[in-house]
Amino acid sequence: MLIYLVAFVGLFYLVRWYRERQVVSHLQDKYVFITGCDSGFGNLLARQLDMRGLRVLAACLTEKGAEQLRKQTSERLETVILDVTETESIAAATEWVKERVGDRGLWGLVNNAGISFPAGPNEWLNKQDIVNVLNVNLLGVIEVTLSLLSLVRKAQGRVVNVSSVMGRVSLFGGGYCISKYGVESFSDSLRRELSYFGVKVAIIEPGFFKTNVTNSEKFIQSLQKVWNRVSSEIKEIYGEKFLEFYLKSSKLVEQKSTADLSLVTDCMEHALTACHPRTRYSPGWDAKLFCLPLCYLPTFLVDAFVYLASPKPAKSL
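Definitions and limits used
- Residues numbered from 1 in each chain as written.
- Predicted model: local features only at pLDDT ≥ 70, side-chain atom pairs only at ≥ 80, totals over all residues.
- Heavy atoms only, no water.
- Salt bridge = Lys/Arg side-chain N within 4 Å of Asp/Glu carboxyl O.
- Helix = DSSP H or I, 4+ residues; strand = E, 2+ residues; numbered from the N terminus.
- Axes fitted to C-alpha atoms, helices over the stretch in contact; angles between N-to-C directions.
- Parallel < 35°, antiparallel > 145°, perpendicular 65-115°, else oblique.
- Left-handed = near helix turned anticlockwise from the far one by under 90°.
- Contact = heavy atoms within 4.5 Å.
- Pairing = 2+ DSSP bridges.
- Core = buried A, V, L, I, M, F, W, Y, C linked by side-chain atoms within 4.5 Å.
- Buried < 20%, exposed > 50% of the residue type's maximum accessible area, 1.4 Å probe, protein only.
- Right-handed = clockwise from strand over helix to strand, strands pointing away.
- Lys, Arg positive; Asp, Glu negative; His and termini not counted.
- Polar contact = N/O pair within 3.5 Å; in protein donor to acceptor, adjacent residues only side chain to side chain.

Caption draft 1: Spatial organisation of the pattern of salt bridges. Taken as a whole, this structure holds 14 salt bridges when the rule is applied. In this structure, Arg168 engages Glu205 in a salt bridge whose closest nitrogen and oxygen atoms are separated by 2.9 Å. Taken together, the residues span a long stretch of sequence, with Arg168 in the loop between β5 (158–162) and α6 (175–194) and Glu205 in the loop between β6 (200–204) and α7 (216–229) at a distance of 37 residues.

Quick look at the structure:
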């Protein structure tokens, strides 16, 4: 019986390996629109796809980021300035994309733009702190997608949404985890709806990588600003040691984060170019061996783990 089980599992992975090696034809004729190309995953993916011969439409937040990207790529790559929190900016970028793709439609849409700060204990934050993150990470993803969906459907193309393992298990407060849970939900419903039109939707769930999202200096500045404005009552309840733990943790996370961003962009590229892309990609060993197994555990076990790994507030029971 065990032999049959091993044979079945081996055959399954062999078939999957073969299917995933099949590549879409005529890639040089396909347009891909990527948000958040100033730095990080978006910047590397734009350069990677440009080298592959695809027609990359790279959206950057700043002109400086766009100019630097153009210097590193071929003349095929084009850039546009996009703020995913502004409806007018999204509308302008949509018209810009329509002018370039014409009747061919848009093969790929990669929703990559994202921020992670402010983050911290929820009681330290206010509504606007969380809204600021949601506007970029979730509402921006939704509005950009809905604006370009007709072009993707015309090409029977791909939508690739960058989520996070924090969209599977929430380990800290603030808008980041909330937004990534939202991206997961939006992507799942979108995938099922668009399957009728030949459009495939993939979710990228990276672990911790060295990008602006895990930048400890920016996190410390953000958290210190939050701490400075909370009431004296909150400061007394939590205590300085609780704050120090968060500050030290951010440095540890950055130190342990993976420097090789291509582990993520290779997943994005596969989702865009493979005939049979996966529904979910989880690049990074921390994602595969820690966060994903954690999310399948009973809730009381996850709560116990987080409780033991976290400091107690000064006035805790």
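Structure's up, so let's keep going.
Caption draft 2: Focus on the packing of helix α5 (residues 127–155) against α6. Between α5 and α6, the least distance of the axes is 8 Å, while the angle of their chain directions is 15 degrees. Comparing their axes, α6 and α5 come out roughly parallel. As for how α5 packs across α6, the hand of that crossing is right-handed. In this structure, α5 contributes Ile130, Val133, Leu134, Asn137, Leu138, Val141, Ile142, Thr145 and Leu149 to the contact, and α6 contributes Gly175, Tyr176, Ile178, Ser179, Lys180, Gly182, Val183, Phe186, Leu190 and Leu194.

Caption draft 3: Structural view of the sheet that holds strand β2 (residues 55–60). The 7 strands are arranged β3-β2-β1-β4-β5-β6-β7 in an open sheet whose pairing can be described as parallel. What marks the edges here is a single partner per strand, and that holds for β3 (78–81) and β7 (280–281). Against the sheet, helix α3 (residues 63–71) engages β2 and β3, with an angle of about 175 degrees to β3. Taken strand by strand, α6 contacts β5, β6 and β7, and its axis lies near 160 degrees from that of β6.

Caption draft 4: Expanded view of the nonpolar core. Among the nonpolar cores identified, the biggest contains 30 residues, and Val32, Ile34, Ala46 and Leu49 are the most heavily contacted of them. Elements represented by at least two residues in this core include exactly β1 (31–34), α2 (40–52), β2, α3, β5, β6 and α10 (262–273). No other element matches the 5 residues that α10 contributes to this core. Ignoring sequence-local partners within four residues, the contact set of Ile34 consists of Gly42, Leu45, Ala46, Leu49, Val56, Leu57, Ala58, Ala59 and Val110. Counting 28 residues, the second largest nonpolar core, distinct from the first, contains Val136, Val144, Leu190 and Val199.

Caption draft 5: How the structure looks around the pairing of β1. Side chains Tyr31 and Phe33 of β1 all project onto a buried face; the interleaved residues Val32 and Ile34 project onto the opposite face, where all are buried too. In this fold, the crossover linking β1 to β2 by way of α2 has right-handed handedness. In this sheet, strand β4 (residues 108–111) lies alongside β1 in parallel orientation, the contact comprising 3 bridges. Its bridge partner lying in β4, Phe33 is registered against Leu109.

Caption draft 6: Region of the structure containing the side chain of Arg158. Residue position: Arg158 is located in strand β5. Buried within the structure, Arg158 lacks any salt-bridge partner; its nearest side chain of opposite charge belongs to Glu20, at an N-O separation of 11 Å. Engagement of the side chain of Arg158 in a polar contact is seen with the backbone oxygen of Ala271, the distance being 2.9 Å. Residue contacts for Arg158: discarding those within four places in its chain leaves Val24, Trp107, Gly108, Leu109, Val152, Lys200, Ala271, Leu272, Thr273, Ala274, Cys275 and Pro277.

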